[in-house]
Every structure is written in structure tokens, then in C-alpha cells.
Amino acid sequence: MIVKGTYFQNSKENPLVYGDVEINNIPRRRLRGEEEKEGVIAESVLVGFCGTDYTLMNMGREGKLKPKFPEGCNRLINGHEGVVWVPSQERFAIVLIRGGNSYDPTRYTEEETYFEYGCDQADGLFSDKNYYNPDMLLKIPDGYVKDGKISLNLCKKLVFSDPYACMIFQRERMEDIGEAQNFRVKMAQYKCSEEEARKIAKKETFDRVCIFGLGTTGMFIGDLIRQKYPEAKIVFVARSEENSPKVAFALKQAGASDTKEELADAIKEKLGGTATVFIGSSGAAIEHEIAFQYGVLGCNGIYNSFSLGPEITVDTMPFGFKNQVIFGSINFRQDHMEEAIQILQNSCYDEIVELIDKDEFTEDPIDAYENKIYAKGAPMKTAVIWNEKYVDRER
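Nothing here was measured: the structure is a model prediction, and the numbers come from that model.

1. Regarding the overall build of the protein
- For the protein, the count of helices and strands is 12 helices and 22 strands.
- Taken over the C-alpha trace, the protein has a radius of gyration of 22 Å; the compact-globule value for 395 residues is 21 Å, and the two agree within 12%.
- Its C-alpha atoms give the protein principal-axis dimensions of roughly 65 × 50 × 45 Å.
- Counting only contacts in the protein whose residues sit at least 6 apart along the sequence, the fraction spanning at least 24 positions is 72%.
- Counting every atom, the protein has about 17,700 Å² of accessible surface; 45% of that belongs to carbon and sulfur.

2. Re the packing of aromatic side chains
- Under the criterion given, the structure shown has 26 aromatic pairs.
- Between Tyr 117 and Tyr 132 the ring centres are 5.0 Å apart and the planes differ by 70°, which places this aromatic pair in the edge-to-face class. Of this pair, Tyr 117 sits in strand β8 (residues 115–117) while Tyr 132 sits in strand β10 (residues 129–132); the two residues are 15 residues apart in sequence, bridging distant segments of the chain.
- Summarising the aromatic geometry, the rings of Phe 212 and Phe 278 are spaced 5.9 Å apart at their centres and angled 25° between planes, so their arrangement reads as stacked. In this pair, Phe 212 sits in strand β14 (residues 208–212) while Phe 278 sits in strand β17 (residues 275–280), placing the two residues 66 residues apart along the sequence.
- On the accessibility criterion, Phe 212 (1% relative accessible area) is buried.
- The buried category is assigned to Phe 278, whose relative accessible area is 0%.

3. Some details on helix α3 (residues 161–190)
- Considering bend angle alone, the principal kink of α3 is centred on Asn 182 and spans about 50°.
- Once α3 ends, the next one or two residues include Lys 191, with phi positive near 50°.

4. Some thoughts on the pattern of salt bridges
- According to the stated counting rule, one finds 25 salt bridges in the structure shown.
- A salt bridge links Lys 37 to Asp 135, with the nearest nitrogen and oxygen atoms 2.9 Å apart. You can see Lys 37 sitting in the loop between β2 (16–22) and β3 (40–48) and its partner Asp 135 sitting in the loop between β10 and β11 (137–139), a full 98 residues away along the chain.
- For Lys 37, a relative accessible area of 25% puts it in the partly exposed group.
- One network of salt bridges, in which partners are shared, links Glu 179, Glu 194, Arg 198 and Lys 202.

5. Some remarks on the packing of α3 against helix α5 (residues 216–228)
- For the pair α3 and α5, interaxial distance at closest approach is 9 Å and the crossing angle is 55°. By the criterion of interaxial angle, the relationship of α3 to α5 is oblique. When the axes of α3 and α5 are compared, the crossing they make is right-handed. In this structure, α3 uses Pro 163, Tyr 164, Met 167, Ile 168, Gln 170, Arg 171, Met 174 and Glu 175 to contact α5, whose residues at the interface are Thr 217, Phe 220, Ile 221, Asp 223, Leu 224, Ile 225, Gln 227 and Lys 228.
- When its residues are assigned to classes, the contact of α3 with α5 shows 9 nonpolar, 3 polar and 4 charged.

6. As for the packing of α3 against helix α10 (residues 334–344)
- Close contact between α3 and α10 brings their axes to 8 Å; oriented N to C, the two are set at 115°. As the angle between them shows, α3 and α10 are arranged roughly perpendicular. With respect to the hand of their crossing, α3 and α10 are arranged in right-handed fashion. Every residue of α10 that contacts α3 at Ser 161, Asp 162, Tyr 164, Ala 165, Ile 168, Phe 169, Arg 171 and Glu 172 is listed here: His 336, Met 337, Glu 339, Ala 340, Ile 341, Ile 343 and Leu 344.
- A class-by-class count of the residues in the contact of α3 with α10 yields 9 nonpolar, 2 polar and 4 charged.

7. Some remarks on the sheet that holds β2
- Spatially, β2-β1-β4 is the arrangement adopted by the 3 strands of the open sheet, whose pairing is antiparallel. At either margin of the open sheet sits one strand with a lone partner, and together these are β2 and β4 (76–77).
- In this structure, strand β1 (residues 2–8) lies alongside β4, joined through 2 bridges in antiparallel fashion. Within the sheet, the bridge partner assigned to Phe 8 lies in β4 and is Leu 76.
- Here helix α12 (residues 365–373) sits on the sheet in contact with β1 and β2, set at roughly 140° to β2.

8. Observations concerning the pairing of β17
- The buried fraction of β17 is high, at 6 of 6 residues.
- When β17 meets strand β18 (residues 297–305), the two strands line up parallel, connected through 5 bridges. Pairing of Ala 275 across the sheet is with Leu 297, part of β18.
- Crossover handedness for the path β17 to helix α8 (residues 286–293) to β18: right-handed.

9. Comments concerning the sheet that holds strand β12 (residues 145–146)
- Strands sit in the order β12-β13-β22 across an open sheet of 3 strands; the sheet is mixed. Strand pairing shows two members of the sheet lacking a second neighbour, β12 and β22 (391–392), which therefore form its edges.
- Here 2 bridges tie β12 to strand β13 (residues 149–151), and the two strands are oriented antiparallel to one another. Along β13, the bridge assignment pairs Val 145 with Ile 150.

10. Some thoughts on the side chain of Lys 156
- Inspection of the secondary structure puts Lys 156 in helix α2 (residues 152–158).
- Summary of buried charges: Lys 156 has no salt-bridge partner, and the nearest side chain of opposite charge, Asp 350, is 6.3 Å away.
- Among residues more than four places away in sequence, those in contact with Lys 156 are Asp 350, Val 353 and Leu 355.

Calculation notes
- Residues numbered from 1 in each chain as written.
- Predicted model: local features only at pLDDT ≥ 70, side-chain atom pairs only at ≥ 80, totals over all residues.
- Heavy atoms only, no water.
- Helix = DSSP H or I, 4+ residues; strand = E, 2+ residues; numbered from the N terminus.
- Rg over C-alpha atoms; globule rule 2.2 N^0.38 Å.
- Contact = heavy atoms within 4.5 Å.
- Areas by Shrake-Rupley, 256 points an atom, 1.4 Å probe, with all protein chains shown as cover.
- Phe/Tyr/Trp six-rings, centres within 6.5 Å; stacked < 30°, edge-to-face > 60°.
- Buried < 20%, exposed > 50% of the residue type's maximum accessible area, 1.4 Å probe, protein only.
- Bend = angle between axes of the 7 residues up to and from the residue.
- Salt bridge = Lys/Arg side-chain N within 4 Å of Asp/Glu carboxyl O.
- Axes fitted to C-alpha atoms, helices over the stretch in contact; angles between N-to-C directions.
- Parallel < 35°, antiparallel > 145°, perpendicular 65-115°, else oblique.
- Left-handed = near helix turned anticlockwise from the far one by under 90°.
- Nonpolar A, V, L, I, M, F, W, Y, C, P; charged D, E, K, R; others polar.
- Pairing = 2+ DSSP bridges.
- Right-handed = clockwise from strand over helix to strand, strands pointing away.
- Lys, Arg positive; Asp, Glu negative; His and termini not counted.

Below you can see the structure in the form of C-alpha cells.
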């Protein structure tokens, strides 16, 4: 089937193209042990732009995209955040992005496989329509569809389903690791049972949280920690000005403190001590230096890295004696995304989503990426209404 869409390819001059592109109905498996299913057609309604899209475009410039292409293709239709309409089922849906021949695609092992719609080996949402595994089209909340149109404000919120679900997963992982890391210390400290010590260790994991980076992912994890652990002390380290709209929104949403400079002493002063958790989400190499070399991460603390790019180095002598843990994972399960959808419907995250006109984007998508969507001073989140007939702009 031929559709209009944007797609990445290996090309120094034209790594991102809009035009006719052929899509194929490739049978896909949601989880290991399930049958492969042919996809059902879904039409893109509203699609959000993610930093991964920008990274993939630059990979195309460098000729590094081949492993990301669907089988038998020399291009990848991008887009993994947004809302779709499923004509055969007469409903709107959120696409569960990650699946594959694995028991848990977020924690796949070497002998297992995975795919990600719009990111890795499977075409995504930046096309008029596409094929998706029917079990990976998640239900949206009731009450937001009227006369065959979906609320624009809800669409803007749900464009964050993917990254928000990833942050739910991050919080879960930090809880699991923090509990296992420190429950024996808490047994000795509080002279309590193992069961009670595990509860204390999980909670105290988030006593003092440093989030290095104030993109949407950094803001989301701060929001989610605050929701479950309201007494947590949170400090954001950001390169934005203190009075910028991004910083103001983050402070309101996550109830965090702000820092003016990337200085260890300032972070520790704001936290009232060393960090129990240090979250790296800025993509900057200085993250690990602040955490380890300058001692912001405390003894028995957790370093959670979901930045893409920076290398992490540590001096093994203090690192070993401080009993610190480094981990990284950038994933989520279906239950995380379903929880994200429920939380986001009642959020105010639509306030930080700005729309780009579809014609402006498709006329020159590379220019739109470089000079509007990902340019300095760009909105925190940009999205495009791909199909106006399904969107109610008044709600």
C-alpha cells in the first residue's frame, strides 16, 4: 500500500523525506509465546516529535540507519508518539510501541528479539496510515470522543504516553534496586524485620533526588517521584534560565527546587546533603563528573542513566567503598503505558505542547526539525495534527 509520510534513509543530503512510501503488512508478535498477527490499519491523527527522531535523522546523515529499517526496506517511517484512528474498530487508540519475540520486551535477553514502531525495524505514525498488531492498540479513556472526533487537549496529553510510561518504569526500577540495595542497612539502623526494612529502604531511596536535565523525561520522573513520595526533596539541574517557561512549569508540576549552575556544592546545599538518587537525563558528559568526581551521589546511592551518548567513568576505589549502583534502561511495559494514559488524562501537560502546521512540516521536514522543532528556544514539545477530520479543536 502506498501512503504519504515522512521517512528516514541513509543519505547525507536527504536523511528525512516526505512523499509516497510503500508500507507492508508484516506479521508481528506482541510477546514471546503469542502468535504472530497481521496488522490492522490505523490512521494517524496527532503525532508528537521526540528527540529520538532527531537522533535518527542524524544517524541517516552518517549512513548508520540500516539496522533500524524494517525487513526488506531501505527506509524507516518514524513517529512513535501520538493518537491513531482504527477504522475497522471505529475507535481511537494509542499504539503500544515495543513488542517482539521476548517475554518482556523491556528486558529482553540475547536470544530474544524486539521491535519498536517508528524507531526500530517497524514503521511508525508519521504516515497517513499504517499496519499495527491489533493487540498493541491500547484503549483511550472514555468521554473524550464526540461525533467521531477526539478532544485536541486530550490528544496533546496522550502524546506523552510513551515517555511518561518510560518514566513509570524508571521509578519502578529505582524502587526495586533501592530496596534490594539498602534493606540490610535499614534492618541494622532501625532494628526491624526484613519486611519493614524493605519498605523503609524503598521510601528512603527518594529522600534526596538530583535530576540532571530538564527535558520532558526529567520533568516526568520528578513528577512521578513527587506523586508517590511527596516528602522527597528534588533538585533539577538545568541549563535554562531560572525564569524560563520550561523551568517555571517544571517547578509547578514536580514541586522541585531549581539550581542556577552545574556546581556540586550548590546541588548538595539545595538537597541538604548528598543525593540518594542521581538521575542523568541531559545527554551531557558532565553528569557523571558531578555525581562521582565531585561527590554529589552519596554512599549506597543509585545512579540512574537514561541519557543517550555520554560515557560514564568512575574512580573504582571510592566507588567500591561507597557501595554505589549504576544502572541504565530505557523501556516500558504495556501496563506502564496503560497507567500513563490514565494519569495523563487528568494532567495539565497539554499546556506545554505546541502545534506545527502540517503543510509547513511536510514542505521541508529537515528545515522544520533543525530550525523550529529542535532549535534553540523551541517548545518543550511539538506535535502535528496529521488528520484534521478526527480532531475537535474546541475541546
